Amino acid sequence: FRITAVYPTGESDPSPIFAQPNGFVAPPHPLNPILFLHGIDADASAWQSTAYFLNHTLGWTCGGTLSYGPNDDPSKMDPNTTTLPQTCPSFYPSGDFFTVNFGDKFANYPDGQGIFHQGYEVGGFIKFLREQQKPSQKLSVVAWSMGGLAARSYIQVSDPISSPRQISDLITLGTPHWGVDRSYIKGLATNPVVAPLLLLLFPDKIEALDSRGFFDMDGACVADGDSTDLTTLSEFLQSLDYNPTFG
């Protein structure tokens, strides 16, 4: 079969055949390496099933995982002190795709920069991978949830001049581009069915349920803590959603 995209004004050209009745035809290796970014309260293992499919079904090569620590400084403000990510033992620089571990899965960094800090980490991942390959090599970025905001932070805030020459595509999955309404969070935290489940699933993260009904996941971005980057109309989101460089 073939895949097309349908628009109000018509239909796109059909894609190559990916499958046929008498067998499976794998697509070619990606033109640009793919960087997979995880979301909040997750890590590189969030893409484990995806990586298995790409490797064992499509025959694509996994290049491994890049990681930052919570105290690493990926900022480009001072190139002499910029920290590059650590690689896994099986790192293969010519891989078709890579996964990452952000320094803090809740974006609660010592510098208080939240997702802005993760944006610099995205830049560090990309800079490192491009240095391992040819200088003109672009990457495709696939990001889940908060990882999509980290990618946008890099593109729009951290390095709006160079990022278009470094990233060919950005695909986000389940990313709250307009934020999470606090009333929704409050509803979850006070729901008689959901609230006990949250306490059961996240006993080491949920510190308290205050008088307003917000749960504090160690100050996590979606909660009522010091960092509220994911809440609607936060300073962080306004810096992205009203920035004309994104498009």
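A brief look at the structure comes next. (Residues numbered from 1 in each chain as written. Predicted model: local features only at pLDDT ≥ 70, side-chain atom pairs only at ≥ 80, totals over all residues. Heavy atoms only, no water.)

**Quick word on the overall build of the chain**
Thought 1: From N to C terminus, the chain includes seven helices and twelve strands.
Thought 2: Looking at the chain as a whole, 45% of its 247 residues qualify as buried.
Thought 3: Looking at the chain as shown, the accessible area adds up to about 13,100 Å², and 57% of this sits on carbon and sulfur atoms. (Helix = DSSP H or I, 4+ residues; strand = E, 2+ residues; numbered from the N terminus. Buried < 20%, exposed > 50% of the residue type's maximum accessible area, 1.4 Å probe, protein only. Areas by Shrake-Rupley, 256 points an atom, 1.4 Å probe, with all protein chains shown as cover.)

**What to know about the packing of aromatic side chains**
Thought 1: Counted under the stated rule, the structure contains seven aromatic pairs.
Thought 2: Measuring from centroid to centroid gives 6.1 Å for F36 and F97, while their planes differ by 80°, and the two rings are edge-to-face. With F36 in strand β5 (residues 34-37) and F97 in strand β8 (residues 97-101), the pair connects residues that are 61 residues apart, well separated along the chain. Like F97, F36 is buried.
Thought 3: Clustering of aromatic rings is evident, with ring pairs tying together F36, W47 and F97. (Phe/Tyr/Trp six-rings, centres within 6.5 Å; stacked < 30°, edge-to-face > 60°.)

**Let's talk about the pattern of salt bridges**
Thought 1: Under the definition given, this model contains one salt bridge.
Thought 2: The closest approach of N and O atoms between K105 and D41, which form a salt bridge, is 3.4 Å. You can see K105 sitting in the loop between β8 and α2 (115-132) and its partner D41 sitting in the loop between β5 and α1 (48-56), a full 64 residues away along the chain. (Salt bridge = Lys/Arg side-chain N within 4 Å of Asp/Glu carboxyl O.)

**Describing the pairing of β8**
Thought 1: For β8, a buried count of four out of five residues is recorded, marking the element as mostly surrounded by other parts of the structure.
Thought 2: Relative to β8, β5 runs parallel, the two sharing three bridges. Within β8, the position partnered with L35 by the bridge is F98.
Thought 3: Both strand β6 (residues 62-67) and β8 contribute to a ladder of four bridges, which runs parallel. Bridge pairing in β8 links S67 to N101. (Pairing = 2+ DSSP bridges.)

**Some words on the side chain of H117**
Thought 1: Its location among the elements puts H117 in helix α2.
Thought 2: By relative accessible area, H117 is classed as buried at 5%.
Thought 3: Engagement of the side chain of H117 in a polar contact is seen with the side chain of D111, the distance being 2.6 Å.
Thought 4: Ignoring sequence-local partners within four residues, the contact set of H117 consists of D72, P74, Y109 and D111. (Polar contact = N/O pair within 3.5 Å; in protein donor to acceptor, adjacent residues only side chain to side chain. Contact = heavy atoms within 4.5 Å.)

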